[in-house]
Amino acid sequence: MWKRSDHQPKIRAEDGPLVGQFEVLGSVPEPAMPHPLELSEFESFPVFQDIRLHIREVGAQLVKKVNAVFQLDITKNGKTILRWTIDLKNGSGDMYPGPARLPADTVFTIPESVFMELVLGKMNPQKAFLAGKFKVSGKVLLSWKLERVFKDWAKF
């Protein structure tokens, strides 16, 4: 049996950094976002605004139920044109344009037309996924929780 002789010794509590040894960093800069006039040109923008308002109203309840961060990459002609993040893991929930500030649990890559059909209830999400209409990466099983958020929003 082989033994490793180059292992790291265990670190003790008194081996930690000394007081004042760390530099205090500023807050995370806001991600670059397209000009509001550019965002409003997209068909899905009003839907995202409505969902954003809904999350701000009932976000604390959603955080308890969902506990995940989702990133939605909206595409057109194979290129990402919009990126929104739904953070239902931290604080009282938030939805903002741009990439996830923390690592996203699940990333959806959806053409804008398919996204609109999904949120308007014209297409079944499971059937659309199985038909290859959109892609999901990360924790795929969390996607059903996001579907519940959209259903709650649709009732609203």
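Residues numbered from 1 in each chain as written. Predicted model: local features only at pLDDT ≥ 70, side-chain atom pairs only at ≥ 80, totals over all residues. Heavy atoms only, no water.

Trainee: Please set out the confidence of the model for the protein chain residue by residue, giving values where relevant.
Mentor: Of the residues in the protein chain, 69% have a pLDDT of 70 or more, and the chain-wide mean is 80. For the protein chain, per-element mean pLDDT is lowest for helix H1 (residues 36-40), which scores 56, and highest for strand S4 (residues 106-111), which scores 94. (pLDDT = per-residue confidence, 0-100. Helix = DSSP H or I, 4+ residues; strand = E, 2+ residues; numbered from the N terminus.)

Trainee: Summarise the pairing of strand S1 (residues 68-76); cite the residues concerned and give the values.
Mentor: By the criterion of burial, S1 is predominantly enclosed, with eight of the nine residues buried. As paired elements, S1 and strand S2 (residues 79-88) share nine bridges and run antiparallel to each other. The residue of S2 that forms the bridge with phenylalanine 70 is isoleucine 86. Linkage of S1 to S2, two consecutive antiparallel strands, is achieved through a turn of two residues, within which asparagine 77 is found at a positive phi near 55 degrees. As defined by bridge partners, S1 adjoins S4 across six bridges and the pair is classed as parallel. When the sheet's bridge partners are listed, threonine 75 is paired in S4 with proline 111. (Buried < 20%, exposed > 50% of the residue type's maximum accessible area, 1.4 Å probe, protein only. Pairing = 2+ DSSP bridges.)

Trainee: Summarise a nonpolar patch on the surface; cite the residues concerned and give the values.
Mentor: A surface patch of nonpolar side chains, amounting to about 290 Å² of accessible area, comprises Phe129, Leu130 and Val140. Summarising the element assignment, phenylalanine 129 is placed in helix H4 (residues 125-130). With a relative accessible area of 33%, phenylalanine 129 lands in the partly exposed category. (Patch = residues over 30% accessible without salt bridge, like charges linked within 9 Å, V, L, I, M, F, W, Y side chains within 5 Å. Areas by Shrake-Rupley, 256 points an atom, 1.4 Å probe, with all protein chains shown as cover. Salt bridge = Lys/Arg side-chain N within 4 Å of Asp/Glu carboxyl O.)

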